[in-house]
2 protein chains.
Amino acid sequence: MQQLTVELGERSYPIYIGVGLLSQAQLLTRHVRAGQVLVVSNETIAPLYLEPVLAACAHLQVDSCILPDGEKYKNLEVLNRIFDTLLERRHNRSTTLVALGGGVVGDMTGFAAASYQRGVDFIQLPTTLLAQVDSSVGGKTAVNHPRGKNMIGAFYQPRCVIADIDTLSTLPEREYAAGIAEVIKYGLIADSEFFDWLERHLEALQSRDGEVLATAIARSCDNKARVVSRDEREGGLRAILNLGHTFGHAIETWQGYGDWLHGEAVAAGMVIAAELSRQLGWLDPAVVNRLVEMLQLLALPTAPPPAMSADRFIELMAVDKKVLDGKQRLVLLQALGQACVTDEPTMAQITAAIESSRRYTG
Amino acid sequence: MQQLTVELGERSYPIYIGVGLLSQAQLLTRHVRAGQVLVVSNETIAPLYLEPVLAACAHLQVDSCILPDGEKYKNLEVLNRIFDTLLERRHNRSTTLVALGGGVVGDMTGFAAASYQRGVDFIQLPTTLLAQVDSSVGGKTAVNHPRGKNMIGAFYQPRCVIADIDTLSTLPEREYAAGIAEVIKYGLIADSEFFDWLERHLEALQSRDGEVLATAIARSCDNKARVVSRDEREGGLRAILNLGHTFGHAIETWQGYGDWLHGEAVAAGMVIAAELSRQLGWLDPAVVNRLVEMLQLLALPTAPPPAMSADRFIELMAVDKKVLDGKQRLVLLQALGQACVTDEPTMAQITAAIESSRRYTG
């Protein structure tokens, strides 16, 4: 088992990464403060992994709340089901919410924990690669609004994150590949050595080799933890974690959440961001090609949806959180492993990059 | 104009109390960080006071969101209307929400500000006595759930509070009196000198004498600010502000929110708490009588609703946030001006106090 710490003063917490962790009861329960636990999961994950988690908490009052599976259910209405269960089962301020699932379950459970009785404890048990390397770490929680992704939420840190690699064995191929997109992101924004390593180990990673996987997850979490420690509430630096996300969110909103997976939209978004960085003369064209090749090997999208115009991108991106006083802020690459936040590109340059990314089709 | 500060390190903020403050534009706008403002108000208050607030922000993008008036609308569904407006009008992360109204508007606007894009600025312009002396100060925000009051919310501090005493002139008599109940609370829990002063000035206060009112509000805010500074997130001490509230919330839940006003339920709750303190031998019986007389002069309830059994109290109180591991925590009085949090009373003692409070009818 590997262990990292997200350093946030009194809100610091550990991330455990390894095999068979869900059946190590005390790993979970030593972070439970009192006698009540609510496990939140979804209809896909619960039949696979709920049992050992309930067993670990058998000496406590343990309840569960099983949500429908999918990003389209990440809204206030479904969130309210968590509150319903907490109140029906009389959970008090010392309860602990446990998120067992992917990013949607983690984001919703985290926001429920942030808001229930103005804040109770929560623990992340991420079961997808995307959640293990990204959404479970760093304390961003939210639900979607019909007009924009993650518009309603809180910064709220878990007590711990337990990433059991075994849970990835049941992950559908497409979701697994979408998770690798976020792993590659860390190489692009902050860790060129990791980018090189990933390129060399991409096939081992794709075949879910345990050792390679553990290294990739730990290195991703380590990169994320270092950024979050320096900028918990996204005052500046933390925004670099959003490489590809502003374009990606626009794609997801345009599709109405549920066509491409989040990581797939981010993959296409990273290509657009890299392409724009190249056009600005910041990024070596070879890096864009290396990125596109890696994503294509993983069968991830590398171009915007053909039917989505550049104008629709611009329009939907304007609603995103990265717009400050009318200027479009974007995360771009000054070099491999070196991201920056900028509002320098003009709308014409952004449009041009979207259009020229269309040539990167698999 | 009087000015106090709620001392909370980097989250410290001023409270301004005085006449004609709503028309002093710069008082508001110097706390607005960027170019967007959303004023949230309700159908009763907006026709009276929205105009000067919009005028103060005329050089900015200023939008408004007018909610229906009443505690029964303090729920997730109505909260979502604030998010709808923010997104329709494309408010970004640097926007400022302004709460113009009573406690319901303040609580909902504060929670919307805490949650919109994971947190934006907000300002309180309380227009009821209750909001000016209590809910606008201290950063507690929330909406209700059908199974319990204030069950979904956040601790989230405003940038400033502007309490314009002129707005109290249009306040209905019943609401005004309900606000005085919370003023009396500060005397009971922490300030016996203030309790004595209130007893002497109760008729002047009741007739809304400007000078007496300003003193009463400032002294109430000062008492609250000192408690909040020492315990922002209700780890312990802050709970004393809830004197009468555990009983009061049970009454409100039983009535389905909307029969008695919050301050009225708290008035009856304070009598029960004082009565229980007396029965435990902690509080001088004379204090209970002085309290009951003051409340009766204000035509406030001083006894539980006749049709509400002690069993219903116990049952509904168990869902409240003050229950920790099965023990009923209550705020009681060890003496006038000296509140404590305790789980000492047995259910039988609580029941006895509820029953014996029934004799205090006006």
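None of the values given here were measured: they were computed from a predicted structure.

Conventions we followed
Residues numbered from 1 in each chain as written. Chains lettered and ligands numbered in written order. Predicted model: local features only at pLDDT ≥ 70, side-chain atom pairs only at ≥ 80, totals over all residues. Helix = DSSP H or I, 4+ residues; strand = E, 2+ residues; numbered from the N terminus. Rg over C-alpha atoms; globule rule 2.2 N^0.38 Å. Buried ≥ 20, exposed ≤ 12 C-beta atoms within 10 Å, placed from the backbone. Contact = placed C-beta atoms within 7 Å. Axes fitted to C-alpha atoms, helices over the stretch in contact; angles between N-to-C directions. Parallel < 35°, antiparallel > 145°, perpendicular 65-115°, else oblique. Left-handed = near helix turned anticlockwise from the far one by under 90°. Nonpolar A, V, L, I, M, F, W, Y, C, P; charged D, E, K, R; others polar. Pairing = 2+ DSSP bridges. Domains from an automatic or database assignment. Expected span 1.5 Å × (residues − 1). Least-squares fit on C-alpha atoms with pLDDT ≥ 70 in both.

Caption draft 1: Looking closely at the overall build of chain A. Scanning chain A from N- to C-terminus turns up 13 helices and 13 strands. For chain A, the C-alpha radius of gyration of 20 Å lies close to 21 Å, the compact-globule estimate for 362 residues. Viewed in the frame of its principal axes, chain A has a C-alpha envelope of about 60 × 40 × 35 Å. Taken across its 362 residues, chain A has 55% of its residues classed as buried. Long-range contacts, defined here as pairs at least 24 residues apart, represent 74% of the contacts in chain A between residues at least 6 apart.

Caption draft 2: Just the packing of helix H6 (residues 173-190) of chain A against helix H8 (residues 210-230) of chain A, in detail. All names here are of chain A. Between H6 and H8, the least distance of the axes is 9 Å, while the angle of their chain directions is 45 degrees. Taken together, H6 and H8 sit at an angle that is classed as oblique. Viewed along their axes, H6 and H8 form a crossing whose handedness is left-handed. Where H6 abuts H8, its residues Val183, Tyr186 and Ala190 lie against Ala216, Ser220, Asn223 and Lys224. Of the residues assigned to the contact of H6 with H8, the class counts are four nonpolar, two polar and one charged.

Caption draft 3: Fine view of the pairing of strand E13 (residues 338-342) of chain A. Residue and element names in this part refer to chain A. Both strand E12 (residues 330-335) and E13 contribute to a ladder of five bridges, which runs antiparallel. Its bridge partner being in E13, Ala335 is matched across the sheet by Gln338. Taking the residues between adjacent antiparallel strands as the criterion, E12 and E13 are bridged by two residues, where Gly337 takes a positive phi near 85 degrees.

Caption draft 4: Inspection of the domain arrangement of chain A at higher detail. Residue and element names in this part refer to chain A. Domains assigned within chain A are domain 1 (2-170) and domain 2 (173-357). Of the residues lining the interface, 31 residues belong to domain 1; the matching set on domain 2 comes to 31 residues. Ranked by the residues each element gives to the side of domain 1 that touches domain 2, the list is headed by helix H5 (residues 129-135), at five residues. Residue composition of the side of domain 1 that touches domain 2, by class: 14 nonpolar, 11 polar and six charged.

Caption draft 5: Seen up close, H8(A). All names here are of chain A. Over its 21 residues, H8 runs 30 Å from end to end, which matches the ideal 30 Å to within 8%, given 1.5 Å per residue. By the burial criterion, the buried members of H8 are Leu213, Ala216, Ile217, Arg219, Ser220, Cys221, Asn223, Lys224, Ala225, Val227 and Val228. The elements touched by buried residues of H8 are strand E1 (2-6), strand E2 (13-18), H5, strand E9 (161-164), H6 and helix H7 (192-206).

Caption draft 6: Main features of the relation of the copies chain A and chain B. The transformation that overlays chain A on chain B combines an axial shift of 0.0 Å with a rotation of 180 degrees, and the residual RMSD is 0.0 Å. In short, the pair behaves as if placed about a two-fold rotation axis. Taking C-alpha positions as reference, the residue of chain A nearest the rotation axis is A:Leu76, located at 3.9 Å. Comparing interface residues between copies, 100% of those in chain A also sit at the interface in chain B, which points to an isologous, same-surface contact.

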